[in-house]
Amino acid sequence: MDFPATQPKPPADGKIIYYPPGVKEITDKITNDEVVKRLKMVVKTFMDMDQDSEDEKQQYLPLALHLASEFFLRNPNKDVRLLVACCLADIFRIYAPEAPYTSHDKLKDIFLFITRQLKGLEDTKSPQFNRYFYLLENLAWVKSYNICFELEDCNEIFIQLFRTLFSVINNSHNQKVQMHMLDLMSSIIMEGDGVTQELLDSILINLIPAHKNLNKQAFDLAKVLLKRTVQTIEPCIANFFNQVLVLGKSSVSDLSEHVFDLIQELFAIDPHLLLSVMPQLEFKLKSNDGEERLAVVRLLAKLFGSKDSDLATQNRPLWQCFLGRFNDIHVPVRLESVKFASHCLMNHPDLAKDLTEYLKVRSHDPEEAIRHDVIVTIITAGKRDLSLVNDQLLGFVRERTLDKRWRVRKEAMMGLAQLYKKYCLHAEAGKDAAEKVSWIKDKLLHIYYQNSIDDKLLVEKIFAQYLVPHNLETEERMKCLYYLYASLDPNAVKALNEMWKCQNLLRSHVRELLDLHKQPTVWFLKTYCLSYVSILFNNIENLPDPGKAQDFVKKFNQVLGDDEKLRSQLELLISPTCSCKQADVCVREIARKLANPKQPTNPFLEMVKFLLERIAPVHIDSEAISALVKLMNKSIEGTADDEEEGVSPDTAIRAGLELLKVLSFTHPTSFHSAETYESLLQCLRMEDDKVAEAAIQIFRNTGHKIETDLPQIRSTLIPILHQKAKRGTPHQAKQAVHCIHAIFSNKEVQLAQIFEVQAIKLLVRWLLGMKNNQSKSANSTLRLLSAMLVSEGDLTEQKRISKSDMSRLRLAAGSAIMKLAQEPCYHEIITPEQFQLCALVINDECYQVRQIFAQKLHKALVKLLLPLEYMAIFALCAKDPVKERRAHARQCLLKNISIRREYIKQNPMANEKLLSLLPEYVVPYMIHLLAHDPDFTKPQDVDQLRDIKECLWFMLEVLMTKNENNSHAFMKKMAENIKLTRDAQSPDEPKANEKLYTVCDVALCVINSKSALCNADSPKDPVLPTKFFTQPEKDFCNDRNYITEETRVLLLTGKPKPTGVLGAVNKPLSATGRRPYIRSTGSETGSNISVNSELSSPAGNRSSSDISETGVSENDENPVRIISVTPAKTETVKNKEIHSDQATQGNISTERGKKRTAAAAGSENIHQKTEEKKADESGPPAPPKPRRGRPPKSESQGTTVKNDETNKPSGRGRKRAAVSQESSGGLEAGNAKAPKQQDIAKKAAPAQRQIDLQR
């Protein structure tokens, strides 16, 4: 401020003014520059003076008084004023504590003058800034303004000073400037008698948000000042708020309207500033004015919710009073309270317990906005840190997913989805957090059961964006879906399945719409199309807002009719081959075509987007199905991360199959790949019934092209389906039949043998339940089973059934007879002929038939369910060409004999039933069975007798291991007694009796040669079964030897036979009256392999109990590979090992990396050309002998026997091989290779997969 120049006057007291040396008198006569020059020298003099210079103080006292004259205080030159102010500040310093100025008015003028000069601090770049800083520093250090306390109107000076300092402070000032300002102001506050309201306002005004934003440095200065003077200024602040809040005197200050802002800022600066104010706020919370309560609630929400606030702990009454506002009658108050809870939960987790109960009440608030904000509050805190919200708070959100208002439901569902994605998918807080929100996925999917289409659409959107984000890579996306599906509860699974079903249904409707557009565009078609679309979408409510949906669909239909490119994009979108990436492109392209830049909000476009989102395959395509199958394979192999994902491997596999089953309905085309089907085949072989059932259903739904496009899958699938249809659970059998019907064109052929086998089982079960042998049903059934065995599985004998099916039917018939024999009432009516037919099944030409029948026989005998006579069947196993089968039969005999002997020892009452328990009593049954062996046609033929001897010794060797109770003599006595009877089956037929006595002589020959103790007296007279032998006649004596001495010697010590019964299978095994069955190609005839079981392994590798019954492995539609084996010329029977010089296209089965050492007998064919070549080299061949094991017989021998045995079927109960013109050059055998032959075959030819039903 400029003042007019005045003439300096001499001091009133007339004292002379002394200037410092070199300084001339300062008057108005000189220029301003000269005044400034002289004042600088004066300033320098006062600056160097201190309080101890008494002489100088007295000398320069007139000058000090002169500098306070009006000439200097009102000088227009700012440099002059600045220098004068610096001089005055030094004067106060030098003359302290007493000022040289005694007039109060003069002091007031001087301090107001100095205060005005402090405004120069604002410009830090000014050349004079250092002098301004010196002035500030001097005033602060000396506390010069404290002199003003003696003035009556000192408050005016202080207010001016405070306002000046707050106005000039800026960000260019350093820390020293701020420190000196604080020192200057704090000394005034702390050393004064109090702070007036005006002075307090000059400080508090800088805390108001508007001023705070204008000058942040002034705010910081005020904040630090208040912190420094808190003890002194707090009563003044309390008085101010008391006047405004309690007394309502808003006129006491211009800041009254900003009272709540000030309280918030003061609390943030230092809560102690408001110690006396907080009780006043509690009073305000109970105000009758809703708006006033709202303002207080907003204030306290900020105070309680601030991060470092401990107000709730320090002032519990106020906290409880504040919580009461959650139940305020005024809606905005409740709403503000709820909004506060979010910040409070995030900044003060310890208060969550107090808030929970109030939020619970508000979650049921009648106001929609409050319920909505409760959800937002909890979700916001949960997204910050899940530990901030407890299970009860999450439960409130869970309840609101069923709110009556769509806005609230949507917020709750979206919030939960966001939490699930953050903590479960991304696992941002570890497993504990993921477990805490693991229920969310189930709850969200449960909402799909709601009737509202909005809910359904939102669930679909959440599933695509949060539960299984569609923007993930395929492998990651499928892993997410795989483990999500495995961890869902049953109701959630049903909801998810329903969601896919609805989407698929909508796709089909859109496809129908597009098909209508492809029709000729005539007027009635357009009309029909419009009506069809409107009714369709209205009824099924596939779009939100059904009221508008009809109009939008009509418009969409019209757009489709006009835009061919749009139709093509839509057709691609719903095509079965559309990939997820293509779907995304199509959706964006269609949306782009329908968008209108001039219409930002386009309801029609939004409706179309809803439609496209529902029909677009954003998750599943061929690549996704392949990834799912690979995940399931890893679970099966045990290499997946199932445990880490919280799912057991079994659960993952089962859920994976169920997931694939559902997807097979909605996306069947995506499954069509060999890799996918191979994995499903692996699942079919698993023991879990549910897994196998699901796999069958997947094949049923997706395998319509397997027969034509994937023949390898087809050939493997057929036997497994047959096995499941026959031996699976009821559900598996049902699905297997449906699968066969859906996939294969020759379904009648495939299903025929299944029904026949099941019909046989049905009859047997019915008879076993009835247990009545007086009815004709049992006899009729036995005759039917016998006829099936005689016809070798082809009852009609029309040759329309495949050889594999015939094998299965033979096995079913033999097993059925054996099953009926376990019931005493039916055992009585089984005739010897029927028993013999049943026994011959163990010599069936099909390896698997022999294997499974032997297993069933052994199982029933071990449990003592079958009569003793059935143990005699094992004697026929001596003719089995496979070494492992003979070893298995021997083990079965040992087991059965030991069990029966042990049972007799432990049960004294068993002595009364020795005829049915004592193992030695099997000898009469064995002799009778062998006497009726179809291969035993010439009692004097040495080769046939040698076969009989081998069968007898096969059983007797086991029985004669020990001579318990002189059992050797007992068995000899039984054989001798049999020669005194007649064959009860044909008592008047000499030929039959002769064969019976011949077998007895062979048995006696063997017993005598093997035991020296057999000549002792028998302990008791044996009892012969009357069913097989007549009572001995009194006058009948049979001392004839039916075998010559030469024959006896040949049987015991004779030369080796040219072809071993138990040895090689490298020569054609012919049967009486049969031509060799030759198979040239797989397409000409069916295989004769009835693979109802897995191949038996060597005795050292797998026990018989490990071999389970399985389904079909091969049939007419599945050609087998033929193995050609050339016999070794120097091989003898003694070695009982099979060698092959050549093996082509060998079928060698592998199972889980473990090589099978014995191949199925029915999986190889022996070429007859090999034998013909050998015959040419070595001369005329010896007549081939009949062999068991059910191989086809030679044609040459068939002619001879036909001449000898007229009108008598030589192979009753054995297969009559039908010979076709196309297959006369080869021979199909049912015998398996021995281990050595298999090893050689592996070296000679590439390994081929063995036909195996168990897999």
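Residues numbered from 1 in each chain as written. Predicted model: local features only at pLDDT ≥ 70, side-chain atom pairs only at ≥ 80, totals over all residues. Heavy atoms only, no water.

- Identification of the chain as PDS5 cohesin associated factor A from Chelydra serpentina is taken from an unreviewed UniProt entry.
- Under the Subcellular location (unreviewed entry) heading, UniProt states for the chain: "Nucleus". (UniProt positions renumbered as here; feature names shortened; annotations may be inferred.)

## Some points on the nonpolar core
Here's step 1: Core analysis: the biggest nonpolar cluster contains 230 residues, and L88, Y145, F241, I263 and F699 have the highest contact counts within it.
Here's step 2: A total of 13 residues in this core trace back to one element, the largest contributor, which is helix α5 (residues 78-95).
Here's step 3: Setting aside anything within four residues of it in sequence, one finds Y145 in contact with F111, I114, T115, L118, L139, I157, F158, L161, L184 and I188.
Here's step 4: Formed by 96 residues, the second largest nonpolar core is a distinct cluster that contains C838, V849, C951 and L1024. (Core = buried A, V, L, I, M, F, W, Y, C linked by side-chain atoms within 4.5 Å. Buried < 20%, exposed > 50% of the residue type's maximum accessible area, 1.4 Å probe, protein only. Helix = DSSP H or I, 4+ residues; strand = E, 2+ residues; numbered from the N terminus. Contact = heavy atoms within 4.5 Å.)

## Observations concerning the packing of helix α19 (residues 331-347) against helix α20 (residues 352-362)
Here's step 1: Put simply, α19 and α20 touch, their axes get as near as 11 Å, and they point 145° apart. In this structure, α19 crosses over α20, and the sense of that crossing is left-handed. On α20, the residues that touch R334, V338, F340, A341, C344 and L345 of α19 are A352, L355, L359 and R362.
Here's step 2: When grouped by side-chain class, the residues that make up the contact of α19 with α20 number eight nonpolar, no polar and two charged. (Axes fitted to C-alpha atoms, helices over the stretch in contact; angles between N-to-C directions. Left-handed = near helix turned anticlockwise from the far one by under 90°. Nonpolar A, V, L, I, M, F, W, Y, C, P; charged D, E, K, R; others polar.)

## A short note on helix α8 (residues 154-168)
Here's step 1: Along its 15 residues, α8 runs 21 Å from first to last C-alpha, staying within 8% of the 21 Å computed at 1.5 Å per residue.
Here's step 2: Of all 15 residues making up α8, 11 are buried, and the element is well covered by its neighbours.
Here's step 3: Where α8 is concerned, the buried positions are C154, N155, I157, F158, I159, L161, F162, T164, L165, F166 and V168.
Here's step 4: Residues of α8 that are buried make contact with α6 (104-117), α7 (129-142), α9 (175-191), α10 (197-204) and α12 (216-228). (Expected span 1.5 Å × (residues − 1).)

## Concerning helix α49 (residues 922-931)
An α-helical turn contains 3.6 residues, so any two residues separated by three or four positions project in the same direction.
Here's step 1: The element α49 is largely enclosed, with a buried count of 10 among its 10 residues.
Here's step 2: Within α49 the residues assigned to the buried category are V922, V923, P924, Y925, M926, I927, H928, L929, L930 and A931.

## Notes on a nonpolar patch on the surface
Here's step 1: On the surface, a cluster of nonpolar side chains totalling about 400 Å² of accessible area is made up of L763, W766, M770, L784 and L795.
Here's step 2: The dominant element in the nonpolar patch, judged by the number of residues it contributes, is helix α41 (residues 747-770), at three residues.
Here's step 3: Note that L784 resides in helix α42 (residues 776-790).
Here's step 4: With relative accessibility at 33%, the residue L784 sits in the partly exposed group. (Patch = residues over 30% accessible without salt bridge, like charges linked within 9 Å, V, L, I, M, F, W, Y side chains within 5 Å. Areas by Shrake-Rupley, 256 points an atom, 1.4 Å probe, with all protein chains shown as cover. Salt bridge = Lys/Arg side-chain N within 4 Å of Asp/Glu carboxyl O.)

## Some words on the environment of A872
Here's step 1: With respect to the helices and strands, A872 occurs in the loop between α46 (847-862) and α47 (883-906).
Here's step 2: Placed 21 residues apart in sequence, A872 and L893 show a C-alpha to C-alpha distance of 9.5 Å.
Here's step 3: If sequence neighbours within four positions are ignored, A872 has contacts with V922, Y925, M926, L929 and M955.

## Some thoughts on a positive patch on the surface
Here's step 1: The grouping of R765, K819, K859 and K863 at the surface amounts to a positive patch.
Here's step 2: Relative accessible area serves as the criterion here: at 53%, R765 is assigned to the exposed category. (Lys, Arg positive; Asp, Glu negative; His and termini not counted. Charge placed at Lys NZ, Arg CZ, Asp CG, Glu CD.)

## Let's talk about a negative patch on the surface
Here's step 1: Taken together, the side chains of E473, E475, E476, E623, E644 and E645 make up a negatively charged region of the molecular surface.
Here's step 2: One can find E645 in the loop between α34 (622-637) and α35 (649-666).

## Details of the packing of aromatic side chains
Here's step 1: Applying the stated rule across the entire model yields 21 aromatic pairs.
Here's step 2: With a centroid separation of 6.4 Å and an interplanar angle of 15°, the aromatic rings of Y485 and W500 are classed as stacked. Of this pair, Y485 sits in helix α27 (residues 474-487) while W500 sits in helix α28 (residues 490-518), and the two are 15 residues apart along the sequence.
Here's step 3: Here W500 falls in the buried class, since its relative accessible area comes to 5%.
Here's step 4: Where F835 meets F1028, the ring centres are 6.1 Å apart and the plane angle is 70°; that geometry is what we call edge-to-face. Here F835, found in helix α45 (residues 832-839), pairs with F1028, found in the loop between α52 (990-1010) and α53 (1045-1053); they are 193 residues apart in sequence, far enough to count as distant.
Here's step 5: Linked through ring pairs, F304, W319, F322, F326, F340 and Y358 together constitute an aromatic cluster.
Here's step 6: Over the ring of F219 we find K212, and its NZ or CZ is 4.6 Å from the ring centre. (Phe/Tyr/Trp six-rings, centres within 6.5 Å; stacked < 30°, edge-to-face > 60°. Lys NZ or Arg CZ within 6 Å of the ring centre and 35° of its normal.)

## Remarks on the pattern of salt bridges
Here's step 1: Inspection of the entire model under this criterion finds 39 salt bridges.
Here's step 2: With its nearest N and O atoms 2.6 Å apart, the salt bridge here joins D153 to K108. Placement of the pair is D153 in the loop between α7 and α8 and K108 in helix α6, with a sequence separation of 45 residues.
Here's step 3: A relative accessible area of 17% means that K108 is categorised as buried.
Here's step 4: Measuring nitrogen to oxygen at the nearest pair gives 2.5 Å for the salt bridge that ties R592 to E589. Of the two residues, R592 and E589 are both situated in helix α32 (residues 580-594); the distance of three residues between them amounts to about one turn of the helix.
Here's step 5: One network of salt bridges, in which partners are shared, links E70, R74 and K106.

## A closer look at the packing of α19 against helix α21 (residues 368-384)
Axis angle and axis distance: for two packed helices, these are the angle between their axes and the distance between the axes, and together they describe the pair.
Here's step 1: Running from N to C, α19 and α21 cross one another at 10°; their axes reach a closest spacing of 8 Å. Overall, the two elements α19 and α21 adopt an arrangement that is roughly parallel. Facing α19, whose interface residues are V331, R334, L335, V338, K339, A341, S342, L345 and M346, α21 presents A369, I370, D373, V374, T377, T380, A381 and R384.
Here's step 2: Within the contact of α19 with α21, the residues separate by chemical class into 10 nonpolar, three polar and four charged. (Parallel < 35°, antiparallel > 145°, perpendicular 65-115°, else oblique.)

## Quick word on the confidence of the model for the chain
Here's step 1: On average, the chain scores 77 in pLDDT, and the residues at 70 or more come to 79%.
Here's step 2: The model gives residues 1-9 a pLDDT under 50, and that stretch makes 19 contacts with residues more than four places away or in other chains.
Here's step 3: In the model, residues 1056-1255 has pLDDT below 50 throughout and makes 525 contacts with residues more than four positions away in sequence or in other chains. (pLDDT = per-residue confidence, 0-100.)

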